Structures are given as C-alpha cells and as structure tokens.
Number of protein chains: 2
Amino acid sequence: MTYEAPIKDLMFNIAHVAPGSVDLEMAAAVLEEFGRFCAEEIAPLNASGDREGAHFDKGQVKTPAGFQAAYSKFVAMGWQGLPHPSEYGGQDLPRVVGAAAGEIINAANLSFALCPLLTDGAIEALLRFGSPEIKATYLPKLVSGAWTGTMNLTEPQAGSDLALLRTRAEGQADGAYRITGTKIFITYGEHDLAENIVHLVLARTPDAPKGIKGISLFLVPKFLVGGNAVLGPRNRVRCQSIEHKLGVRASPTCVLEFEGATGFLIGRENAGLEYMFTMMNAARFAVGVQGVAIGERAHQQALSYAKTRLQGRPVDGSAPGAVAIIQHPDVRRMLAHMRATTEACRALAAFTAGWQDRAETTESPDERADALAVAEFLVPLVKGFCTEMSLQTTSTGVQIYGGMGFIEETGAAQHTRDARILPIYEGTTAIQANDLLGRKTLRDGGATAGRIAAMIAQTEQELRQGSQVAQEIALRLSDAREDFQRVVAHLVDVSPKDVNAAYAAAVPYLMLAGNLVAGWQLARSLLVAEAALARGEDSAFMSAKIATARFYAHHILIETALQHVRVVQGATSLLDTAL
Amino acid sequence: MTYEAPIKDLMFNIAHVAPGSVDLEMAAAVLEEFGRFCAEEIAPLNASGDREGAHFDKGQVKTPAGFQAAYSKFVAMGWQGLPHPSEYGGQDLPRVVGAAAGEIINAANLSFALCPLLTDGAIEALLRFGSPEIKATYLPKLVSGAWTGTMNLTEPQAGSDLALLRTRAEGQADGAYRITGTKIFITYGEHDLAENIVHLVLARTPDAPKGIKGISLFLVPKFLVGGNAVLGPRNRVRCQSIEHKLGVRASPTCVLEFEGATGFLIGRENAGLEYMFTMMNAARFAVGVQGVAIGERAHQQALSYAKTRLQGRPVDGSAPGAVAIIQHPDVRRMLAHMRATTEACRALAAFTAGWQDRAETTESPDERADALAVAEFLVPLVKGFCTEMSLQTTSTGVQIYGGMGFIEETGAAQHTRDARILPIYEGTTAIQANDLLGRKTLRDGGATAGRIAAMIAQTEQELRQGSQVAQEIALRLSDAREDFQRVVAHLVDVSPKDVNAAYAAAVPYLMLAGNLVAGWQLARSLLVAEAALARGEDSAFMSAKIATARFYAHHILIETALQHVRVVQGATSLLDTAL
C-alpha cells in the first residue's frame with residue numbers, strides 16, 4: 001500500500017495549533033522533501049519487512065531486504081539530524097517540526113523508524129548529561145546517523161519496576177567500568193545498518209544503594225572507539241537471540257549479554273534514573289507520535305479500499321446495485337472515527353511539541369517553568385491517549401476490510417499487530433497514568449491541570465461568539481472540561497485518604513484528559529478554519545477540518561462523561577471485585 | 001497455558017439466567033466430562049496448532065500435529081451429537097447446554113472448534129430443509145462427526161453482498177445439478193480430519209431471477225455417496241489454496257473450485273437464502289459464543305500471570321518491595337473488566353439460548369411466536385456485542401502481560417489474533433446491526449424491543465426491593481433501559497424520514513442493546529446470588545457474582561448513555577464528515 005504524508009494537516013498544526021512561531025516555509029520544504037523520501041524509499045519496505053522479519057544467526061542480526069540501502073540513503077541525506085543541534089551536524093529544527101517528521105517516517109514504516117527513534121533518545125541523553133569528551137566522540141556520529149543508539153533498561157525480572165535491576169558495573173583503574181548482566185527487549189540492540197551501536201545501559205555499582213536510587217547510566221559501545229572516532233576492538237556485549245513478536249517484526253528486539261563489557265559512566269553515579277527519564281520523556285513523546293502515525297497509515301489504507309470495494313445496495317435506494325462501501329453509513333462512521341481520532345491525536349502531539357519548544361526557548365524563567373509544567377503534563381497524554389486510540393483505529397481499519405482484513409496479504413492486519421506494542425513499551429498506559437496522576441497532578445495539587453482548564457475555558461469563550469457549529473462544540477467542550485475539573489478535584493481530595501482508589505482511576509483519568517486536550521485542539525482548529533473559510537482560503541481543507549472537529553465533539557469528546565463516572569463513582573465496585 | 005472450563009458459572013446461567021428448565025444434574029455431568037476432555041485433549045493443541053498452522057500441498061490440507069488424533073477421540077466420544085436429535089444419533093440436549101459446551105470447546109481451541117461449529121450449521125440446515133433421503137444419507141454421519149460440514153457463501157466479488165453471487169448450478173437429467181464456480185473463505189473446506197466433507201453451497205440456476213431472490217442451496221459432497229453411506233468417487237470440487245491469516249491459523253480457510261461438481265438441491269430452487277439464514281442464525285449465535293470463549297481463555301491466562309509476576313511496590317505502601325502485579329489497582333481494574341465482560345456476555349448467550357429452547361418447545365403458538373421474536377432479537381446482540389467485546393478483552397489480556405504479551409511464545413497475543421475474525425465472519429458487526437435495526441426493530445415498530453424493555457423494568461422493580469447494592473444497580477439499569485427506549489423510539493421515528501441517519505446509528509444501537517441485555521442478566525444474577533447468600537449457599541461464588549454485577553453496572557453498563565447521545569444527536573455530524 002502506498003503512503004502519502006499528510007503535509008497539509010501537519011503544517012496546519014505547526015502554524016495554528018502549536019504555540020510559538022516557526023519558519024513555515026522552511027518547515028514545509030523540509031517536510032515535503034522528507035515525505036517524498038519516506039513514501040518512496042521507506043514505505044515500500046513496510047509489508048516486505050514484516051513478511052521477512054529480522055534474522056538472527058550466531059550473534060549477528062540481518063535486517064530485511066532493502067533496509068540497509070534505505071538506511072544508507074537516510075544517513076546520506078542527513079535526516080537523523082533534523083531536530084538536533086547544528087553544533088554536532090544537525091539542522092536545529094524546532095521539536096514541533098521534528099514531531100511532524102517523526103509521524104511521517106513512522107507511518108511509512110514503524111519497524112524501520114524505531115532505529116532513528118532510539119538514536120534520538122541517545123542523542124538527547126548525551127546532549128544533556130554527557131561529558132565534553134563523550135559528546136565530542138559520540139554525538140557527531142549519532143547525529144549523522146552513522147552510528148545508532150539503544151536504551152538498555154529491561155531485564156527479565158525488571159520491566160516496569162527498575163528497582164529490581166541486577167546488571168553490575170565495576171569501576172576500573174582507568175576510570176572505565178566493566179558491565180555484566182542480561183538485558184532484554186533491546187530494540188535494534190544488534191543490526192547491520194550502521195558501523196557502530198551506542199548502548200545506554202542502566203546498571204548498579206557494587207556499593208550502590210538498593211532500589212532505584214542505586215542505578216547509574218553507562219555508555220557501552222558495540223565497538224570501542226579510539227581517537228578521531230576510529231573504531232577499535234569489539235566490546236564484550238553480544239546479542240544472544242531476538243524475539244518472535246506479534247508486530248514490528250522487521251525491527252530486531254534483542255537479548256543482550258554484557259560480559260564484562262567496557263562502559264563509561266554518564267554523569268554521576270546513582271543518578272542514572274534521572275538521566276534515563278530525560279531520554280524516556282523524549283522516547284515517550286515519540287511513541288505517542290507512533291500512535292498517530294500508525295492511525296494515519298491505517299486510515300489511508302482503509303479509505304482507499306472503501307472507495308474501490310463494491311458491495312451492497314445503498315439503504316436509501318439511491319442506486320440499483322452494489323456501490324462502493326464508502327457509501328454505506330456504517331463505513332462512513334468508521335472512517336470518520338478513524339479520521340477524527342487521528343487528526344485530534346496529531347493536533348495533541350503538535351500542541352505538546354510546541355510547549356516543549358517554548359520551554360526550551362523562552363527567556364523568562366517564570367514562563368519557562370510554566371511551559372515546562374504544561375509540556376510535562378502533556379507528555380503522558382500523548383503517549384497514553386494516542387497509543388490507546390491507535391489500537392481502536394487500526395482495528396477499525398481491519399473491520400472496514402471485512403474478511404479481507406484478516407488475510408495478511410492485504411496489510412490491514414499488520415497495522416493492528418504493529419500498533420499493539422505502542423501502549424506497552426516506554427512505559428505502559430498504567431505507568432503513564434501513574435506519572436500523570438502522581439507527578440503531574442497530585443504533586444502540585446492540581447495547579448497545572450487547572451492552568452490547562454483555564455486555557456480551555458478561554459477557547460470556549462471564543463467558540464461561543466462563533467458560528468452555530470462553534471457554539472455546539474462550545475457546549476461539548478465545556479461539559480468535557482467540567483468533567484476534567486471535577487475529576488482532578490476528586491483525585492486531589494481522595495488521594496490522601498485512599499490512595500488505591502485514586503490510582504484505580506488513573507487510566508480513566510488519563511483517557512479523559514487526553515480526549516479533552518485532543519478535542520480542544522480540534523475545537524481551536526475549527527476557529528482557525530472558520531476564519532480561513534470566511535477569507536475564502538482553501539475551502540475544501542477548511543470545511544473538512546470543521547466537519548472533523550464537529551464529529552469529534554459529538555462522538556468522541558463525549559466519552560469524558562463516562563470516564564468521569566468511572567473515576568468519581570467507580571472505585572468501590574472496582575476494588576471490591578473478586579479476582 | 002492450561003484451561004479449566006468454568007463449569008460453575010455455566011451451570012449458574014443454565015439454572016438461573018436462561019428461561020425454561022433443564023435437567024441440571026445431567027447438564028452438569030455432561031459439561032464436566034466435556035470440560036475435562038477439552039482441557040486435556042484440545043486445549044494443549046491451541047498454541048502448537050497456531051505455531052504450525054494448517055498445511056496446503058497440491059490440493060491436500062494437513063491439519064497441525066495432534067488434530068487428527070484429538071478429532072478422532074471427539075468423534076468416538078460422540079461430542080458432535082450433544083445438541084442434535086437422538087433420531088440421528090445425537091443426545092437431544094437443549095440449546096442452552098449446547099451453548100455452554102460450545103463455549104468450552106472454543107475456549108480450549110478456537111481453530112479446532114471451528115470444524116464442529118460448521119458441522120452443527122450443516123446439520124441444522126439439513127434437519128429443517130433436507131429431503132427424507134438427504135437426511136437419511138447425511139445426518140447420521142454428520143451427527144456422529146464422521147463427516148464434517150461447510151458453508152459456501154462467499155466469492156471474491158460477493159462477501160456481505162450475496163446478490164453478487166456467480167456460482168452456477170445446471171440441472172441434469174437425473175435430477176442432480178452441476179455446480180461451477182469459485183468460493184473463498186471456506187472454513188475447513190478441505191482437511192484430513194474426516195473421511196468426507198459435506199459442502200452446502202449457494203449457487204444460481206440458469207433461469208434464476210437476479211439478485212438474492214435467485215439463489216439456491218445445494219449439497220455438494222467431497223466424495224459422492226452411494227447406498228448405506230458408502231463413499232463413491234471423488235466429486236469435482238478441489239481446494240486451490242488456503243489463506244495466510246492473522247489468527248485461527250490452525251484452521252484451514254480454503255479457496256474451493258467447483259468444476260462441474262455434482263450437487264443436490266436442498267428444498268426449493270431460489271429459496272436458498274432463506275435456508276442459509278437458518279444456518280447462519282445458528283452459526284451467528286455460535287460465533288457470539290466464540291467471543292465469550294476467547295474472552296474466558298484470555299482472562300484465565302492473564303489472571304494466572306498477574307498472580308505470579310512480581311513487579312512494583314504497592315502504591316499504598318503495604319509492602320516494602322515488589323508484589324504480584326494483581327495487587328496494583330490498574331491491573332485489578334483490567335482484570336475486573338475482563339471478568340465482568342466475560343460473565344455478562346456468557347449470561348447473554350445463555351439467556352438467548354434459553355429463549356431459543358422455549359421457541360422450539362413451547363406448545364402454545366402465541367407463546368412460541370413471542371419466544372421466537374425475542375430469540376431472534378437477541379441473536380445479533382450475541383454475535384455483535386460478544387465478539388466486539390472480545391476484542392477489548394483479549395487486548396487487555398495482552399496489556400496485563402506488558403512486554404511479554406507482545407512475544408508470541410507467551411500465548412496472550414494469539415488470543416487477540418484469533419478474536420479479530422469474530423466481529424467479521426458470519427456477518428460483520430454492521431451486518432448484525434442492520435439486521436437488528438431493520439428486521440428486528442423497525443419491522444415490528446419497536447414492539448419486541450418494548451417487550452424486552454418491559455421485562456427489564458420488572459427486574460428493576462425487584463432490585464429496588466433488595467439490598468443497597470441491588471438498589472444502586474436498579475438506578476444504573478433503569479438509566480440504561482431508558483436510553484434503550486429513547487433510542488428505539490428515535491430510530492422508529494427517524495427511519496422513514498432519513499434512512500441514512502437511522503443506519504448510521506445501527507452499530508451504536510446494537511452496542512447499547514447488547515450492553516443493556518448483558519448487564520440486565522448480571523443484575524438478575526445478583527438477585528439470585530443475594531438470595532443464595534442469604535441461605536448461606538456457596539458464599540465465595542455468590543459474593544463474587546454480586547461484586548462482578550456491581551462492577552459491570554458502574555463501569556460498563558453506563559456506556560449506554562454515550563451510545564444514546566451518538567444515536568440521537570450524532571447523525572448530522574457523522575453524515576457531514578468529509579471522507
């Protein structure tokens with residue numbers, strides 16, 4: 001199936017949804033070029049890569065046919081460097097443009113895109129916490145994509161719970177460490193795309209405190225690196241096997257054995273978790289964008305099938321024989337749901353990236369703190385809500401195909417298989433929800449949540465002064481925002497009294513908040529679209545945006561009412577249920 | 001993963017949820033024995049069968065290792081005949097017991113169970129419409145399981161839309177027909193489990209009217225059958241290939257080529273669709289039960305994992321280190337959701353089967369017509385609601401496993417892959433919803449829907465006189481029932497004016513009705529359980545039933561409010577959405 005990057009919608013969000021201002025001409029030029037590259041070089045490898053899968057043989061991993069050539073072009077064209085500092089060879093693009101580019105490459109091929117996604121995370125961590133020597137040695141190679149990065153957290157007994165980590169790091173006389181242990185679920189932990197792999201590894205030094213306060217972060221290269229980044233001998237880390245997975249099968253998921261491998265401490269000992277969180281925050285946001293991406297790909301494919309598959313007479317009798325199934329009301333419903341969900345999640349991601357940009361570029365410390373709080377509140381929504389919705393969207397894509405959707409050759413099923421990991425890796429939805437509830441909501445007594453609610457109320461004001469449709473949406477948005485505020489108040493109140501009741505409601509709270517903030521972005525988009533329409537600009541696109549915002553408000557945003565009941569009235573029946 | 005048949009809950013439903021009375025001792029004895037057989041012989045082949053898949057080679061289909069031996073035992077023990085007439089060698093069990101047995105075998109192994117499921121459909125059709133000769137020749141062999149049955153509807157251009165069928169049937173001098181055409185998606189269309197396969201095939205005679213009124217039903221055996229059921233020469237039907245599918249991989253899904261095959265007309269020419277509907281109604285109900293089954297299997301597996309996987313400290317600080325994840329509130333939420341959904345869907349299926357039994361056994365024509373109308377209203381709910389919910393339940397099962405759920409070896413992913421066909425085959429959810437709306441609701445002006453609402457209101461009365469929990473649930477049930485009645489009134493009203501608006505709401509209407517009727521059964525169950533508890537009977541089981549009913553009411557039944565808004569206020573925004 002072909003893929004076409006939704007440049008117009010991505011640019012609409014950059015221009016109108018994200019706070020802050022961006023050089024729009026430059027952004028459009030970059031995204032168009034990248035869209036062409038991904039459509040032509042990366043997207044065609046999506047189905048074939050899934051069929052073939054990654055190969056493992058005696059410690060070596062071979063990626064599927066075409067991956068090497070495509071990755072070489074990716075590196076040659078400098079795409080890895082898009083959002084990274086020019087100091088290390090990057091292009092210094094704002095995060096909001098990087099997020100758009102991230103959607104494009106992930107929609108083209110989720111398995112392929114995982115490699116650059118992990119490299120981005122490693123770059124992020126080294127930029128913030130690496131020593132000058134480490135930065136000078138590794139960053140240019142990572143930013144160019146010549147070398148790739150990995151995150152090594154999980155061990156068989158330590159998944160969501162990093163306190164259970166056992167990998168050991170013993171300091172050596174030369175200042176380096178010897179790393180010993182087994183890591184699992186290491187994405188692109190071994191592969192044939194790049195000449196070196198830079199593993200960032202969590203491990204414990206011998207005298208470290210127990211639990212999460214005794215974890216340090218180490219850089220462990222596959223090949224040791226000499227002066228001028230010349231590759232030296234192979235380090236003592238090897239790939240023991242790769243997993244047989246439900247989806248993203250072209251991407252190798254490795255068991256890595258560290259057998260006294262040479263590692264270099266990043267930052268201070270025992271501060272590894274804090275550093276890893278930085279990397280994870282970037283990765284969590286990126287995984288949320290993967291949710292948008294796979295939804296977009298599934299929607300494009302289902303839409304194209306629905307336009308060509310002839311089946312059934314229309315219920316209104318408007319044709320004597322079978323018509324394209326897109327004319328049947330329920331197929332319309334499913335396509336509208338896929339579209340509205342995808343556009344809302346895309347807007348949520350752009351909005352969040354814009355706040356991240358603001359947090360990094362604003363001069364005033366107060367404004368920076370404010371922007372940072374908002375951005376950090378939004379990250380679990382992007383990760384949790386966009387990925388959960390991608391399960392629905394990709395499943396609906398299969399449903400539109402009917403029986404053909406169940407046949408692997410049509411490709412619809414691959415999207416559901418690929419999407420299934422998104423609400424799990426980089427922290428499950430429950431982990432995101434606990435982060436949203438504990439660190440982002442309860443810790444400041446609901447202040448940031450209130451700050452967001454106030455911004456939403458402002459949009460409601462604007463909607464109420466607008467068209468009839470805008471006024472309709474103001475009502476829905478206002479109901480949803482009130483649900484949110486009641487839920488926040490309830491959680492702040494109940495948490496000190498009954499912490500289990502609060503956390504039993506964490507996921508419904510996250511889904512409510514994600515839905516609200518995403519729907520809010522479509523409501524803001526509607527205002528922009530109505531103004532553009534009034535000026536006679538791009539009427540097809542703007543009318544479609546208005547219709548999508550309206551559908552979202554009436555069919556999806558209303559779900560906040562349900563989550564509100566679950567949070568406020570549901571704890572007793574939940575905690576009393578026999579298991 | 002092991003499987004244990006939930007005999008206690010199945011028997012509770014047979015005794016208390018289904019209308020009518022059944023010999024409980026006999027039912028329990030049969031189900032316990034069948035549960036043991038399925039757990040020991042069929043369930044262990046579920047994962048291995050998925051890994052190996054069905055094999056195709058030059059027209060032959062080989063089932064995975066172990067399937068032949070297990071099927072032989074299945075036949076030898078007479079399990080195929082459970083719900084069928086003793087006249088043909090069956091055991092005459094009521095449908096409500098047959099449905100319970102169906103859940104058990106499908107939970108053990110969905111791929112395996114599809115073969116008997118299709119045979120059941122063929123038996124049903126021949127019992128009702130076969131000539132005395134056909135019955136005498138084929139039914140004993142089908143009822144014993146020595147031969148198996150298939151349904152041949154779909155062709156490449158004719159899926160949901162049977163009007164587009166092209167397979168031809170030309171009458172011969174001897175009264176037989178020559179059948180020519182290609183059928184696809186034929187489950188167990190070819191295999192090595194039985195000595196003969198009885199295909200029921202839809203085809204057109206040369207002078208047949210166009211569209212669905214020109215379709216006839218033919219019996220086409222794989223081997224022609226002589227006197228005393230002796231097998232004769234191979235018929236001209238061959239398997240061209242089998243599909244590469246997302247799930248139920250151990251079951252062969254065949255492309256069958258009929259090349260002038262000898263077929264025998266069932267009933268009258270051009271009445272094939274009516275006959276096929278009989279068969280489909282049985283099959284649709286059975287597929288709904290598959291939804292319950294796969295939910296149960298996924299729940300058993302997730303529950304067992306959650307009890308043993310140690311990860312994370314409890315939020316309430318009740319333990320100093322990692323505890324079994326079942327102690328975390330969100331894992332409890334997910335497990336409670338899986339359990340409540342599965343029990344509610346199981347109760348819905350038992351209730352429906354009970355009405356089917358009543359429709360078949362009641363003497364009074366009025367009562368029979370009433371029971372038939374209720375049963376027919378319920379079938380699309382069982383098929384549509386139970387299968388859609390199985391997507392959620394099996395997906396939640398993966399989520400509870402976290403990263404391990406994405407690894408095929410753990411088996412959690414297989415359940416989601418297997419479940420994904422359920423809302424598609426035997427009529428997609430939209431087809432069920434159109435049936436519910438058009439034939440079961442609008443045709444009688446909402447009378448049957450009203451009949452059901454009145455029964456629910458009666459249960460509300462009883463709940464209001466009960467415990468505090470019963471009174472709570474009465475409120476939820478009453479809200480949901482009122483949502484249902486408003487939706488029915490709206491659809492009856494809007495349909496003549498705007499048929500597209502009515503059918504755009506068909507699936508939300510089905511989900512509302514399914515949720516309501518399933519939740520109603522749990523509410524009825526709660527009344528039974530409270531009475532039993534008061535008598536001191538089986539307090540663990542009865543307390544759990546009460547808690548589950550309560551969870552369902554507060555977390556799931558409340559979704560009717562949302563569907564109500566979608567149906568009543570959602571049509572304009574849906575039909576106006578640009579696609």
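Just so it is clear, the model here is predicted, and its values are computed rather than measured.

Caption draft 1: Main features of the overall build of chain A. Looking only at helices and strands, chain A has 19 helices and 11 strands in total. Taken over the C-alpha trace, chain A has a radius of gyration of 24 Å; the compact-globule value for 579 residues is 25 Å, and the two agree within 12%. Split into buried and exposed, the 579 residues of chain A put 60% on the buried side. Long-range pairs, those at least 24 residues apart, make up 75% of the contacts in chain A with a sequence separation of at least 6.

Caption draft 2: Main features of the pairing of strand β3 (residues 147-152) of chain A. All names here are of chain A. By the criterion of burial, β3 is predominantly enclosed, with 6 of the 6 residues buried. Neither face of β3 is exposed, since Trp147, Gly149 and Met151 on one face and Thr148, Thr150 and Asn152 on the opposite face are all buried. Relative to strand β6 (residues 196-203), β3 is paired through 6 bridges, and the arrangement is parallel. Looking across to β6, one finds that threonine 150 is bridged to histidine 199.

Caption draft 3: Representation of the nonpolar core in the model. Membership of the largest hydrophobic core comes to 392 residues, with the highest contact counts inside it found for Phe218, Leu348 and Tyr509 of chain A together with Phe218, Leu348 and Tyr509 of chain B. Sequence-distant contacts of tyrosine 509 of chain A, that is, excluding residues within four places in its chain, are made with Ala433, Leu436, Leu437, Val487, Leu491 and Val567 of chain A.

Caption draft 4: Summary view of the interface of chain B and chain A. At the junction of the two partners, chain B supplies 72 residues and chain A supplies 72 residues. Looking at the side of chain B that touches chain A, the elements that each hand over two or more residues are α9 (329-361), α10 (365-401), α12 (429-442), α15 (499-504), α16 (506-534), α17 (539-555), α18 (560-569) and α19 (571-576) of chain B. For the side of chain B that touches chain A, the element with the highest residue contribution is α17 of chain B, accounting for 8 residues.

Caption draft 5: Structural detail: helix α7 (residues 132-144) of chain A. All names here are of chain A. The end-to-end C-alpha separation of α7 is 18 Å, in line with the 18 Å expected for 13 residues at 1.5 Å each. Along α7, the helix axis deviates most sharply at tyrosine 138, where the bend reaches about 40°; the proline proline 140 sits within four residues downstream. Listing the buried residues of α7 in full gives Thr137, Tyr138, Leu139, Lys141, Leu142 and Val143. Those residues of α7 that are buried lie in contact with α6 (110-129), β3, β6 and β8 (223-225). Looking one or two residues past α7, glycine 145 carries a phi angle of roughly 85°, positive in sign.

Caption draft 6: Spotlight on the relation of the copies chain B and chain A. The operation relating chain B to chain A is a screw motion whose rotation component is 180°, with 0.0 Å of axial translation and a residual RMSD of 0.0 Å. Accordingly, the operation relating the two chain copies is best matched by a two-fold axis. Closest approach to the rotation axis among the C-alpha atoms of chain B is made by leucine 562 of chain B, whose C-alpha sits 3.8 Å away. Of the residues that chain B buries at the interface, 100% are likewise interface residues in chain A, meaning the two copies contact each other through the same surface.

Caption draft 7: Here's a closer look at the domain arrangement of chain A. Residues and elements named next belong to chain A. Each domain of chain A was delimited in the assignment, giving domain 1 (7-132), domain 2 (147-270) and domain 3 (431-569). Between the C-alpha centres of domain 1 and domain 2 there is a distance of 23 Å. Each side of the interface is counted separately: domain 1 has 26 residues, and domain 2 has 23 residues. Residue assignment for the side of domain 1 that touches domain 2 shows that the elements contributing at least two residues are α3 (45-52), β2 (60-62), α4 (67-76) and α6. The element best represented in the side of domain 1 that touches domain 2 is α6, accounting for 12 residues. Residues of the side of domain 1 that touches domain 2, tallied by class, amount to 15 nonpolar, 9 polar and 2 charged.

Caption draft 8: Expanded view of the environment of valine 198 of chain A. Within the fold, valine 198 of chain A resides in strand β6. On the neighbour-count criterion, valine 198 of chain A (26 C-beta atoms within 10 Å) is buried.

Caption draft 9: View of the environment of alanine 506 of chain B. The residue alanine 506 of chain B is located in helix α16 in this model. As for alanine 506 of chain B and alanine 430 of chain B, which are separated by 76 residues in sequence, their C-alpha atoms are 7.2 Å apart. With sequence-adjacent residues up to four places away left out, alanine 506 of chain B is seen in contact with Asp330 of chain A together with Ala430, Ala433, Asn434 and Leu437 of chain B.

Caption draft 10: Examining the packing of helix α12 (residues 429-442) of chain A against helix α14 (residues 468-494) of chain A more closely. Residues and elements named next belong to chain A. Taken N-terminus to C-terminus, the directions of α12 and α14 make an angle of 90°; their axes are 11 Å apart at the nearest point. Taken together, the axis directions place α12 and α14 in an arrangement best described as roughly perpendicular. Between α12 and α14, the contacting residues are Leu437, Thr441 and Leu442 on the first element and Val488, Leu491 and Val492 on the second. Counted by class, the contact of α12 with α14 contains 5 nonpolar, 1 polar and no charged residues.

Caption draft 11: Representation of the packing of α16 of chain B against α17 of chain B within the structure. Residues and elements named next belong to chain B. Interaxial distance between α16 and α17 falls to 8 Å at its minimum, and their mutual angle equals 150°. Once α16 is placed against α17, the crossing between them reads as left-handed. Residue-level inspection shows Gly519, Leu522, Ala523, Ser525, Leu526, Ala529, Glu530, Ala532 and Leu533 of α16 in contact with α17, the latter providing Ser539, Met542, Ser543, Lys545, Ile546, Thr548, Ala549, Tyr552 and Ala553. For the contact of α16 with α17, the residue count by class is 11 nonpolar, 5 polar and 2 charged.

Caption draft 12: Main features of unusual backbone geometry. With phi around 60°, aspartate 92 of chain A is a residue other than glycine that occupies positive phi space. Note on placement: aspartate 92 of chain A falls in the loop between α4 and α5 (95-108).

Caption draft 13: Structural view of α18 of chain B. For α18 of chain B, the full list of buried residues reads Thr560, Leu562, Gln563, His564, Arg566 and Val567 of chain B. Looking at the buried positions of α18 of chain B, the neighbouring elements they touch are α17 (539-556) and α18 (560-569) of chain A together with α14 (468-494) and α16 of chain B.

Caption draft 14: Structural detail: the environment of phenylalanine 351 of chain A. Residues and elements named next belong to chain A. Note on placement: phenylalanine 351 falls in helix α9 (residues 329-361). In the structure, phenylalanine 351 is positioned 167 residues away from alanine 518 in sequence and 9.0 Å away in space, judged by C-alpha atoms. If sequence neighbours within four positions are ignored, phenylalanine 351 has contacts with Val17, Ala18 and Gln521.

Cut-offs and rules
- Residues numbered from 1 in each chain as written.
- Chains lettered and ligands numbered in written order.
- Predicted model: local features only at pLDDT ≥ 70, side-chain atom pairs only at ≥ 80, totals over all residues.
- Helix = DSSP H or I, 4+ residues; strand = E, 2+ residues; numbered from the N terminus.
- Rg over C-alpha atoms; globule rule 2.2 N^0.38 Å.
- Buried ≥ 20, exposed ≤ 12 C-beta atoms within 10 Å, placed from the backbone.
- Contact = placed C-beta atoms within 7 Å.
- Pairing = 2+ DSSP bridges.
- Core = buried A, V, L, I, M, F, W, Y, C linked by C-beta atoms within 7 Å.
- Expected span 1.5 Å × (residues − 1).
- Bend = angle between axes of the 7 residues up to and from the residue.
- Least-squares fit on C-alpha atoms with pLDDT ≥ 70 in both.
- Domains from an automatic or database assignment.
- Nonpolar A, V, L, I, M, F, W, Y, C, P; charged D, E, K, R; others polar.
- Axes fitted to C-alpha atoms, helices over the stretch in contact; angles between N-to-C directions.
- Parallel < 35°, antiparallel > 145°, perpendicular 65-115°, else oblique.
- Left-handed = near helix turned anticlockwise from the far one by under 90°.

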